[in-house]
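Per-entry structural report
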Amino acid sequence: MSIIKENSTNNLNRRFLSDCDMTYAVELIGGRWKILILVNLAGGALRYGELKRKIEKVTERMLTLQLRELENDGIVTRTVFPEVPPRVQYELTEIGEKLVPICLQLSDWGTLHRKTPKTK
């Protein structure tokens, strides 16, 4: 593994972007499945299996990783119920709920952009 020079362009850009609020926000919801997870949890808390069924193409490993990241970032809460067999439920935090309208706006933009002819 190589050491990144302190004054390299890559290192300088990384520091610059780390202060950008928009980049911070995009990094939080970046990932192939995070937006779908957020939108599916908008209707209320779901168990892991319910979420997996709603997002058919996601692998169990990727769903677990994305949920863990969302939980670590304070966007989703994970509740484990002391039952046998164990029951785990995921739901949006207050800050996570505020992301849902933004995600839906992105969806609307995506729909519009797909229908718009591309120019070079």
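Quantities reported herein were computed from a predicted structural model and do not represent experimental measurements.

Moving on, we come to the packing of helix 2 (residues 21-29) against helix 3 (residues 34-41). Helix 3 packs onto helix 2 with a crossing angle of 80° between their chain directions and a minimal axis gap of 8 Å. Taken together, the axis directions place helix 2 and helix 3 in an arrangement best described as roughly perpendicular. Residues Glu-27, Leu-28 and Ile-29 of helix 2 pack against Lys-34, Ile-35 and Leu-38 of helix 3.

A word on the environment of Gly-43. Structurally, Gly-43 can be placed in the loop between helix 3 and strand 1 (46-47). C-alpha separation for the pair Gly-43 and Leu-92, spaced 49 residues apart in sequence, amounts to 9.5 Å.

Scanning all chains against the criterion turns up two salt bridges. Note that Glu-69 and Lys-34 form a salt bridge whose closest N and O atoms lie 2.7 Å from each other. Placement of Glu-69 in helix 5 (residues 60-72) and of Lys-34 in helix 3 is noted, with a sequence separation of 35 residues between them. Using a relative accessible area of 37% as the deciding quantity, one classes Glu-69 as partly exposed. Residue class for Lys-34 comes out buried when judged on its relative accessible area of 1%. Between Arg-87 and Glu-83 there is a salt bridge, and its shortest N-O distance comes to 3.1 Å. You can call Arg-87 partly exposed: its relative accessible area is 21%. A relative accessible area of 37% means that Glu-83 is categorised as partly exposed.

About the criteria used
- Residues numbered from 1 in each chain as written.
- Predicted model: local features only at pLDDT ≥ 70, side-chain atom pairs only at ≥ 80, totals over all residues.
- Heavy atoms only, no water.
- Axes fitted to C-alpha atoms, helices over the stretch in contact; angles between N-to-C directions.
- Helix = DSSP H or I, 4+ residues; strand = E, 2+ residues; numbered from the N terminus.
- Parallel < 35°, antiparallel > 145°, perpendicular 65-115°, else oblique.
- Contact = heavy atoms within 4.5 Å.
- Salt bridge = Lys/Arg side-chain N within 4 Å of Asp/Glu carboxyl O.
- Buried < 20%, exposed > 50% of the residue type's maximum accessible area, 1.4 Å probe, protein only.

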